[in-house]
Every structure is written in structure tokens, then in C-alpha cells.
Amino acid sequence: MAPMHLATWIGVAVLGLAIGFLSGLFGKGGSAIATPLLHALGLPAIVAVAAPLPATIPSTLAATAAYWKERLVDGQVFRWSLALGVPATAAGAFATRWISGNILVRITDVVIAALGIRFLLFPGNPHAESPKPRAYRTRLAAVAVVVGLVSGLLANSGGFLLAPLFIAVLRLPVKSAFASSLAIAAVLAVPGTVVHAALGHIDWAVVVVFGMTSIPFSYLGARVALRVRADRLERVYGAALAVLGIVFLFLR
């Protein structure tokens with residue numbers, strides 16, 4: 001990659017700050033948002049895809065640590081999402097040989113926007129306890145498999161569905177959904193990082209600059225989320241999802 005101008009490096013740092021804060025605030029690794037924005041700054045497409053992944057691991061772990069202190073990570077959701085989601089992601093990636101992701105991208109954007117509007121207008125009970133019967137485990141397995149398949153088919157966009165589906169389908173309290181999503185995102189970023197590193201796609205200088213701002217601000221975003229009243233946080237999250245889904249729907 002050709003040497004970057006100072007303005008581009010500043011842009012990478014500012015982008016890391018913004019993505020890190022929003023990731024901690026809303027429980028998502030943020031690589032899917034970072035990729036098009038890094039590319040818009042002038043980074044080659046493959047570098048823009050690969051660079052956020054290694055930075056995602058420590059930044060999501062930093063945010064997870066804030067939620068972990070409050071005991072908000074749901075262990076059952078974490079275990080099932082990894083056990084079923086990882087092989088489903090591999091299956092989804094393999095299925096791209098036959099299935100075009102274009103229609104699925106559109107459907108995902110519509111689902112994100114619809115869930116955002118639902119959370120904005122009808123936030124759930126933030127104090128409700130999640131039931132653990134067989135029906136709950138069935139829903140949990142379905143969410144893990146669906147998100148895994150979508151993530152594999154779309155490379156990383158399916159990860160946007162983790163926290164929204166944890167809230168809408170599993171009825172997790174919003175902060176627990178964010179905490180669990182972040183913990184899962186930290187683990188799921190590892191295989192992608194290893195593969196891209198082996199292929200020589202990662203510009204480690206970009207990773208360092210991006211990570212220097214994303215890691216502390218991811219933790220800060222999580223701390224802010226913990227201080228916000230749960231029903232208010234869910235409304236803000238819903239508004240953000242609705243805007244994001246609509247923007248993606250019309251810009252892709």
C-alpha cells in the first residue's frame with residue numbers, strides 16, 4: 001500500500017474513536033461500519049476489510065470488561081452462540097459458492113430497520129428475567145444458526161443481528177444483550193484475523209492507529225450505556241438501528 005497522508009492517518013484515528021465508542025454503547029464490534037468508511041478514506045478495499053478485525057478483539061474485550069463487572073454477560077447465550085454460530089458461519093461462507101448475498105443484504109437491512117423502529121416505539125421491559133425452558137433454548141439455537149449463516153454469507157454484516165435478535169427473540173434485557181453480543185464478537189473476530197493475516201491483507205500500522213482510539217473509547221461507550229436508564233437506552237438504540245438500516249438500504 002502507498003504511504004498515506006497525515007490527514008488520512010488522522011481520519012483513521014477519528015474513525016477508530018467513533019466506532020469504538022458506538023461499539024461499546026450499542027454492543028457491536030463495528031467492523032462492518034468501519035470497512036466502508038476506511039475505504040472512503042482512501043484505503044484499499046481488502047485493507048479496509050481486514051484492518052478493523054484485529055482491533056475489534058481488544059476493543060470489544062475492553063467494552064465487555066465494563067459489562068462483565070456488572071455481571072451482564074449471559075453465559076448460556078455466549079456458549080450456544082459460539083457452539084452453533086461458528087459452524088453455521090463456516091457453512092454460510094461455503095454456501096457463497098452458490099448463493100448470491102445481494103438479496104440477503106437487502107433483507108438484512110430491512111430487518112435491522114424494522115427492529116430499530118420496534119425498539120424505538122415499543123421498548124421491552126428492561127427488568128424482565130429471561131426464561132430458560134426448552135422453548136427458550138430452541139429460540140436461542142435458531143438465533144445462533146441464523147446469525148451464523150447470515151454472517152458467513154455476508155462476511156460480517158450478519159453480526160448486526162446479534163444484539164437486536166437477543167432483545168427481540170430471546171427477550172434479553174438490552175444491556176445484557178449488548179454485553180453478550182460484545183463477548184461473542186470478540187471471539188468471532190479471531191478466525192477472520194488469522195486468515196487475513198496469513199494472506200497478508202492486514203496493514204498493522206492502520207490497526208495500531210485505529211486501535212489506539214477505538215479500545216479506550218469502546219470501554220467509555222460501555223460505561224455510558226451502563227449509566228443510561230435501560231428503556232431510554234433501548235429507544236436510542238432503536239433510533240440508531242432504524243437510521244442505519246434505512247441508510248444502508250438506500251446506499252448499497
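Described below are features of the structure shown in this document. (Residues numbered from 1 in each chain as written. Predicted model: local features only at pLDDT ≥ 70, side-chain atom pairs only at ≥ 80, totals over all residues. Heavy atoms only, no water.)

Attention now moves to helix α10 (residues 204–227). When the terminal C-alpha atoms of α10 are compared, their 34 Å separation across 24 residues agrees well with the 34 Å that a helix rising 1.5 Å per residue should span. Listed as buried for α10 are V206, V207, F210, G211, T213, S214, S218, G221, A222, A225 and L226. (Helix = DSSP H or I, 4+ residues; strand = E, 2+ residues; numbered from the N terminus. Expected span 1.5 Å × (residues − 1). Buried < 20%, exposed > 50% of the residue type's maximum accessible area, 1.4 Å probe, protein only.)

Here the second largest pocket is characterised by a volume of approximately 370 Å³. L22, F26, I33, F160 and L244 are the residues nearest the centre of the second largest pocket, which is lined by 22 residues in total. Those elements that provide at least two residues to the lining of the second largest pocket are α1 (6–26), α2 (31–40), α8 (162–168) and α11 (230–251). With six residues, the top contributor of residues to the lining of the second largest pocket is α1. Residues that form the lining of the second largest pocket fall into these classes: 16 nonpolar, five polar and one charged. (1 Å grid on protein atoms, 1.4 Å probe; cavity = no way out; pocket = protein on both sides within 12 Å on 5 of 7 lines; lining within 4 Å. Points joined across faces, edges and corners; volume = space filled by probe spheres on them. Nonpolar A, V, L, I, M, F, W, Y, C, P; charged D, E, K, R; others polar.)

Below, the discussion takes up the environment of D109. Tracing the backbone shows D109 in helix α6 (residues 101–121). By relative accessible area, which is 1% here, D109 ends up buried. Taking the C-alpha atoms as reference points, D109 and G245, 136 residues apart in sequence, are found 4.7 Å from one another.

With that settled, the discussion passes to helix α9 (residues 174–198). The first and last C-alpha atoms of α9 sit 37 Å apart over 25 residues, in line with the 36 Å expected at 1.5 Å per residue. G200 sits one or two residues past α9 and shows a positive phi near 75°.

In this section: unusual backbone geometry. Positive phi is not limited to glycine here, since R71 has a value of about 60°. Among the residues examined, R71 registers a relative accessible area of 78% and is labelled exposed. We note that R171 has phi near 60°; this positive angle belongs to a residue other than glycine. Residue placement: R171 occurs in the loop between α8 and α9. Under the relative-accessibility criterion, R171 is labelled exposed at 55%.

Here we come to the packing of aromatic side chains. In the structure shown here, the tally under the stated rule is four aromatic pairs. Where F26 meets Y237, the ring centres are 5.5 Å apart and the plane angle is 40°; that geometry is what we call tilted. Highlighted residues: F26 in helix α1 and Y237 in helix α11, separated in sequence by 211 residues. For the residue pair F26 and Y237, the accessibility class agrees, reading buried in each case. (Phe/Tyr/Trp six-rings, centres within 6.5 Å; stacked < 30°, edge-to-face > 60°.)

A few words now on empty space enclosed by the protein. In this structure the tally under the stated criterion is two cavities of 30 Å³ or more. In this structure, the largest cavity spans a volume of roughly 70 Å³. As for the largest cavity, its lining consists of S81, G85, T89, A144, V147, G148, S151, L162, F166, I184 and L188. Listed by contribution, the elements that provide at least two residues to the lining of the largest cavity are α5 (75–95), α7 (134–154), α8 and α9. Here the element with the most residues in the lining of the largest cavity is α7; it accounts for four residues.

Once that is clear, we can look at the packing of helix α4 (residues 52–69) against α9. The N-to-C vectors of α4 and α9 enclose an angle of 155°; their axes lie 8 Å apart at closest approach. Taken together, α4 and α9 sit at an angle that is classed as roughly antiparallel. Remark: the crossing between α4 and α9 carries left-handed chirality. Of α9, the residues touching α4 (which contributes L53, P54, T56, I57, T60, L61, A63, T64 and Y67) are K175, F178, A179, L182, A183, A185, A186, A189, V190, G192, T193 and H196. (Axes fitted to C-alpha atoms, helices over the stretch in contact; angles between N-to-C directions. Parallel < 35°, antiparallel > 145°, perpendicular 65-115°, else oblique. Left-handed = near helix turned anticlockwise from the far one by under 90°. Contact = heavy atoms within 4.5 Å.)

Here R232 is to be found in helix α11. When the C-alpha atoms of R232 and P123 are compared, they prove to be 8.3 Å apart, with 109 residues separating the residues in sequence.

Within the element layout of this structure, K175 appears in helix α9. In sequence terms K175 and A222 are 47 residues apart; their C-alpha atoms lie 9.3 Å from each other. Excluding residues that lie within four positions of it along the chain, K175 makes contacts with Y67, L72, A225, L226, V228, A230 and L233.

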